[in-house]
Amino acid sequence: MDAYKRRRYVILGFIIVTGVIFIARFFQLQVLSPDYKQSATDNVLRKIIQYPSRGLIYDRNGKLLVYDKASYDLLVTPRETQDFDTTLLCRLLEIEKPQLTEKLEAARKYSMYKPSTIVKQITQEQYAYLQEQMHKFQGFYTQTRTLREYPLNSAAHVLGYVGEVSTGMISRDDYYQAGDYAGISGIEKSYEKELRGQKGVQYFLVDVHSQIKGSYRDGRNDMAPQTGKNLVCTLDSDLQNYVETIMQNKKGAVVAIEPATGEVLAMASMPDYDPGLLVGRKRGHNFSLLQSDTLQPIFNRALMAQYPPGSTFKMAQALIGLQEGVITPETTFRCNYGYHMGNYHMACHHNQDFQLVGAIAQSCNAYFAQVFKKILEKPEFGNVKTGFEVWYEYITSFGFGQILGTDFHNEQKGFIPTSAYYETHVFKGVPWRVLWIMSLSIGQGELGITPLQMANYASILANRGFYYIPHMVQKIGDQETIDPKFNEKQYAVINEEYFDVVLDGMQKVFEPQGTAYWTSIDGITMCGKTGTAQNPHGEDHSVFIAFAPRENPQIALSVYVENGGGGSQYAAPIASLIIEKYLTDTVSRRRRWIEERMFDANLLNPDKPN
Amino acid sequence: MPHRKSTFANLDWAIISIYLLLLFLGWINIYAAVYNEQINTIFDFSQRYGKQLVWIGAAILIAFITLILEPRFFVFFAYPIYGVFIFLLIAVLFLGVEIQGARSWFNFAGVNIQPSEFAKFATALALAKTISSYNFKMYHYRSILMILMLIGTPALLIFLENDTGSALVYMAFILVLFREGLSAIVLFIVFLVAGLFISALLVNTLVLFIALLIVTLVALYFMTPRTKDFGIVLAVLTGSMVVAWSMKYFFLPGMEDSGVFILGIAISSLLFVFRLIQKRLNRYYLLIFIFLTSLLFSFSVDYVFNNVLEPHQQARINELLGIESDPFGAGYNVNQSKIAIGSGGFLGKGFLKGTQTKFDFVPAQSTDFIFCTVGEEWGFLGTTVVTILFMLLFSRIILLAERQRSVFSRVYGYSVASVLFIHFCINIGMTIGLMPVIGIPLPFFSYGGSSLWSFTILLFIFLRLDASRLELFY
């Protein structure tokens, strides 16, 4: 025991040394270093998040489609407030007193130390007046935000809108806090990450009077915000505007693509809405108004509506038939005002023989019914079911019945029936025969295709056998290129050589006896096809697909006009006008009457009862 | 009872005075920390200062009761008391309430009691009993093992409660063991390990390796009788490094520099050991062993830091060592604490005039960070006075411990001083940024019934033992 007596000094020494070290440290903190004293007097650290400008969106020609306008939120830190003139504040903010009291109560309940938002999106004018008087309102401060502005009032569906983030979004990405804004639809949503930039943060020292005294640690902890990247989208805003104007007062959709690149030149879903409605404080209110509108302006028909394609589907049948060798351009079928086999009747308007070109130009149902039958009953397939499955493979290679992979997030698949579908849902176990599904040959029946897929189909025809995945954005920021998948050719499995004769047929559509003769344009070789989508609830839908010029095509499009009657009644002339406008910048005088008629057409009457 | 008068006459009133003074100062500062202009009476029991008054009252009562008991009582019941608290520590794991992430509290009729606080004096008693037993020798393996289990069991149980901070205070007992004969080497190793840990976090691994090598070489220089031998050692080392580096260059281009270094060391170590075996030079083995183990340890620190410690623990260490500064996240407490203390200046801002404490910038103000109020309102003067008071307390306790005739009392006395000291050290160190943020209370100062009563019992048992030091009760 006592051998270790001297250790008491070690232990005691250790304790004393610790005490001395502490006292030295106190001296350093309290007497020597002025930093802490300074920090304390200034010690309300305020963290201000700097919201960067959101990226701008331009059209393909450099016209500004969307930009930012500054707006301001008013926040309060309850503990820092003192008595203030509530009437004055209400007047400056243009709100009612009960509203203000309610917000202040909520803020206090949430936290005395943390800031809460009192009013969002104060306009610049209000902000200017408010700033002058801010010193009267201790504990209140503003935070800058940005709102979107749409100078051209068009392309609402394409551009999309920006709104407050949902709790789901916040949990998926912790970049967001409650009260932040993010793209909810369209380009704003698909390219949200690029457009939103990066939030910055600044730390300020604020004294007991809530006045900012300077940066905390000279901004060492600050992070500069990064503005969002600007986007150049593929739209041609002049064309878009024209499309929206000519489709006014009608329901339907138009999608126009540049076949050589897959870039979407225009996309309209009608009726549309003023994108400026979904900005700012009134967004919530306007949104519910738009949602309850029976014409469904918010619903993007171009991407989401699934229509039967009607006669436009016939070219696909022709191509498959040619590829499989069950028909040649010379193969002849008879149309006896239709096709009749036993008890089965398919109606048509002609009483003559047709070969392929003529059948397309005059849209003969009987011809294509028989082409379809020949494909499915081709001896090499063994049975009709196998034949149908082969047919199905061909059809889906045209981009039907699947998601194309565009940079829109709400693309619909569409629907192409499979043999399993027929067995289970339609014929319920009874083995079906070709005649029972003949309506597929003329684009009627259990088919659902979106206007986007139709335009893409027109692109495939224009390119004679391939397409580029349609996309909305050409350029991101300064240097970045878009997803490489948009630069890859996607092939429909039809050999190039078979396209020419089909295109002949499509060209003859605009010649005498062709179904859209009256819409031809002098000096431009258009290829197109009318379609009439049957509508059991009312007037049929008018459908048209086209591309022009035939050689080196610049534009391929699809036009749907709900309740427009026959394809040549509304969809064809509208398509031709759009093409003429795009290629020549004007409409020729002899066709002005068509333009006028289309502008004036109003098809928004409710569906006729069945 | 014949001893009563002499007992009270023999009590060390110096310690009791310091105790009461600390209680009083602590209470004043809790009042200041929690002060609200709208509430006027000091007896408001819904406020902490009101409650602390109750706890203080109870503490004095407890002190009194402790002094009445016979010293033999503590000796006799040392192990049973220890056993009871071990049992309670186990029980709290299953029956306890979780507060602030640690399942360390019992809730009795609305009052929260923490068994881990009371386990400290129980352990001190058991330790004293063990060391003072007849056959005990500090250098026997069995004795050391017994001590380790004695101290380690409650520490482990508290650790399982997820109250790592309270478990760490059991390290204080090393000082007691040191006084009672624990080899100084153990202490040396503890410091070495701590030093290496910190260095490994602060400094690049390769640099640390090289530093260790240099230290070893210096030690070697003083150990070798002939300079020529030392020269040979250097040559072999250099040669091995060259070989290692060329191996990397030709065969393994992906190897990092620290890997090359290790390879070189490995080669040379093999050669050295071979030579040592040949020449039967045994005294160098230890040096090589220490060197290699240090290398290994430094190397593994990174792994342990990243994979064993929890994120909040990593963040606190980073903050302490200045590796990463996060003044608004992990470093917020300490930052605010330093600001509060620093802003006190020389004389402080005055009673109840501390802006930081007034505006509640410092979290846990009345408990773990109570010292901030001292710093802010009483300034350098205040902090120094409180520190000196504690120094006096520790010195006095050690002085008293040394004058004990019985080993039991001495060991117990040192335990009291060590436990109180480690709390003081970590708590105050944390508020001034010299220790990582570990939530333990400042004895007699921090708000809280459990800690106040357990420290009171801890101290007053010793006072009772000291009062009877001239009697042969054990």
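Because the structure is predicted, anything quoted here is derived from the model rather than measured. Chains are numbered independently. Their residues run from 1 in the order of the written sequence. By the order in which they are written, chains take letters starting at A while ligands take numbers starting at 1. With the structure being a predicted model, the display of local features is reserved for residues of pLDDT at least 70 and the display and counting of side-chain atom pairs for 80 or more, all residues being used for whole-chain, interface and lining totals. Computation of side-chain values: all heavy atoms of the structure, hydrogens and water removed.

**Let's talk about the sheet that holds strand β18 (residues 527–533) of chain A**
All names here are of chain A.
Part 1 of the reasoning: For two strands to be treated as a pair, DSSP must find at least two bridges joining them. Under the scheme used here, helices are H or I runs from DSSP no shorter than 4 residues and strands are E runs no shorter than 2 residues, and both carry numbers assigned from the N terminus. Reading across the sheet, the five strands line up as β12-β11-β20-β19-β18 and stay open at both edges, with antiparallel pairing between neighbours. Each end of this open sheet is capped by a strand with a single partner; those strands are β12 (263–270) and β18. When the angles between neighbouring strand axes are averaged without regard to direction, this sheet yields 5°.
Part 2 of the reasoning: Judged from the seven bridges that link them, strand β11 (residues 252–258) and β12 form a sheet pairing that is antiparallel. Across the sheet, A256 pairs through a bridge with A266, a residue of β12.
Part 3 of the reasoning: Two residues qualify as a contact provided that any one of their heavy atoms is within 4.5 Å of a heavy atom in the partner residue. Axis definition: a line fitted to C-alpha atoms, limited for helices to the stretch in contact. Angles are taken between N-to-C directions and run from 0 to 180 degrees. Here helix α10 (residues 237–246) sits on the sheet and contacts β11, β12 and β20 (555–561); the angle it forms with β12, its principal contact strand, is near 25°.
Part 4 of the reasoning: On top of the sheet, helix α19 (residues 499–508) reaches β18 and β19 (541–548); it is set at about 70° to β18, its chief contact.

**Quick word on unusual backbone geometry**
All names here are of chain A.
Part 1 of the reasoning: Omega for the peptide link from M270 to P271 comes to 0°, which places this bond in the cis form.
Part 2 of the reasoning: Omega for the peptide link from A548 to P549 comes to -15°, which places this bond in the cis form.
Part 3 of the reasoning: Structurally, P549 can be placed in the loop between β19 and β20.
Part 4 of the reasoning: In this model, E94 sits at a positive phi of 60°, which is unusual for a non-glycine residue.
Part 5 of the reasoning: As for its position among the elements, E94 is in the loop between α3 (86–93) and α4 (97–110).
Part 6 of the reasoning: Exposure categories follow from relative accessible area, calculated using a 1.4 Å probe and restricted to protein chains: below 20% of the type maximum is buried, above 50% is exposed, and the middle band is partly exposed. When its relative accessible area of 60% is taken as the criterion, E94 is described as exposed.
Part 7 of the reasoning: Unusually for a residue other than glycine, N153 sits at a positive phi of about 45°.
Part 8 of the reasoning: Residue placement: N153 occurs in the loop between β5 (140–149) and α6 (156–159).
Part 9 of the reasoning: Overall, the relative accessible area of 41% leaves N153 in the partly exposed class.

**Some remarks on the pairing of strand β3 (residues 64–76) of chain A**
Looking down a regular strand, the side chains alternate between one sheet face and the other.
Residue and element names in this part refer to chain A.
Part 1 of the reasoning: Two strands pair when backbone bridges link them, and strand β2 (residues 57–58) and β3 are joined in this way by two bridges, in the antiparallel orientation. In the strand pairing of β3, Y58 is matched with L64.
Part 2 of the reasoning: Between β2 and β3, which pair antiparallel in sequence order, lie five residues; one of them, G62, sits at a positive phi of approximately 90°.
Part 3 of the reasoning: Relative to β5, β3 runs antiparallel, the two sharing ten bridges. Bridged to D68 within β5 is R148.
Part 4 of the reasoning: Looking at chain direction, β3 and strand β4 (residues 116–122) are connected through four bridges and run antiparallel. In the strand pairing of β4, L74 is matched with V119.

**Comments concerning the packing of helix α18 (residues 370–402) of chain B against helix α20 (residues 449–467) of chain B**
Two packed helices can be described by the angle between their axes and the distance between those axes.
Residues and elements named next belong to chain B.
Part 1 of the reasoning: Closest axis-to-axis distance for the α18/α20 pair is 11 Å, and the angle between their directions is 40°. Between α18 and α20, the interaxial angle falls into the category oblique. Where α18 crosses over α20, the two elements pack in a sense that is left-handed. Facing I397, L400 and A401 of α18, the residues of α20 in contact are L459, F462 and D466.
Part 2 of the reasoning: The classification used treats Ala, Val, Leu, Ile, Met, Phe, Trp, Tyr, Cys and Pro as nonpolar, Asp, Glu, Lys and Arg as charged, and all other residues, Gly among them, as polar. Grouping the constituent residues of the contact of α18 with α20 by class yields five nonpolar, no polar and one charged. Angular relationships are summarised with four words: roughly parallel below 35 degrees, roughly antiparallel beyond 145, roughly perpendicular across 65 to 115, and oblique for the angles in between. The crossing is said to be left-handed when, going from far helix to near helix, the turn is anticlockwise and less than a right angle, and right-handed when the turn is clockwise.

**A word on a nonpolar patch on the surface**
All names here are of chain B.
Part 1 of the reasoning: Exposure above 30% relative accessible area and no salt bridge define the residues that can form patches, which grow by joining like charges within 9 Å and nonpolar side chains of Val, Leu, Ile, Met, Phe, Trp and Tyr within 5 Å. Note that accessible areas follow from Shrake-Rupley with a 1.4 Å probe, and for residues the cover is restricted to the protein chains shown. A carboxyl oxygen of Asp or Glu within 4 Å of a side-chain nitrogen of Lys or Arg is what we treat as a salt bridge. On the surface, I185, F188, I189, L192, V193, L286, F289 and I290 cluster together into a nonpolar patch covering about 750 Å² of accessible area.
Part 2 of the reasoning: Going through the elements one at a time, α10 (184–202) and α14 (284–307) are the ones with two or more residues in the nonpolar patch.
Part 3 of the reasoning: Checked against the element boundaries, L286 lands in helix α14.
Part 4 of the reasoning: The exposure class assigned to L286 is exposed, which follows from its relative accessible area of 56%.

**Concerning the pattern of salt bridges**
Residue and element names in this part refer to chain A.
Part 1 of the reasoning: Inspection of every chain in the model, using the stated rule, returns 31 salt bridges over all chains.
Part 2 of the reasoning: Close ionic contact of K63 with D238 constitutes a salt bridge, the shortest N to O distance being 3.0 Å. One end of the pair, K63, is in the loop between β2 and β3; the other, D238, is in helix α10, with 175 residues separating them in the sequence.
Part 3 of the reasoning: By relative accessible area, K63 is classed as partly exposed at 35%.

**Structural notes on the packing of aromatic side chains**
Residue and element names in this part refer to chain A.
Part 1 of the reasoning: Only rings of Phe, Tyr and Trp enter the pairing, Trp through its six-membered ring, and a pair is recorded when the two centres are within 6.5 Å. The plane angle decides the type: under 30 degrees is stacked, over 60 is edge-to-face, the rest tilted. Applying the stated criterion across every chain yields a total of 52 aromatic pairs over all chains.
Part 2 of the reasoning: Residues F398 and F400 carry aromatic rings whose centres are separated by 6.3 Å and whose planes lie at 20° to one another, so their mutual orientation is stacked. An identical accessibility class is assigned to F398 and F400; each is buried.
Part 3 of the reasoning: Each ring, one from F398 and one from Y457, has its centre 5.8 Å from the other, and the planes form 80°; the classification is edge-to-face. Here F398, found in the loop between α16 (384–397) and α17 (419–426), pairs with Y457, found in helix α18 (residues 451–463); they are 59 residues apart in sequence, far enough to count as distant.
Part 4 of the reasoning: Its relative accessible area of 0% is what places Y457 among the buried residues.
Part 5 of the reasoning: In this scheme, Lys NZ or Arg CZ marks a charge over a ring once it lies within 6 Å of the ring centre and within 35 degrees of the ring normal. Stacked on the ring of Y175, the Lys or Arg K199 has its end atom at 4.8 Å from the ring centre.
Part 6 of the reasoning: It is K489 that lies over the ring of F466; its NZ or CZ is 4.5 Å from the centre.

**Examining the environment of V493(A)**
Residue and element names in this part refer to chain A.
Part 1 of the reasoning: In this fold, V493 is placed in the loop between β17 (489–491) and α19.
Part 2 of the reasoning: Relative accessible area serves as the criterion here: at 44%, V493 is assigned to the partly exposed category.
Part 3 of the reasoning: Taking the C-alpha atoms as reference, V493 lies 9.0 Å from E393; in sequence the two are 100 residues apart.
Part 4 of the reasoning: Ignoring sequence-local partners within four residues, the contact set of V493 consists of Q323, Y394 and S397.

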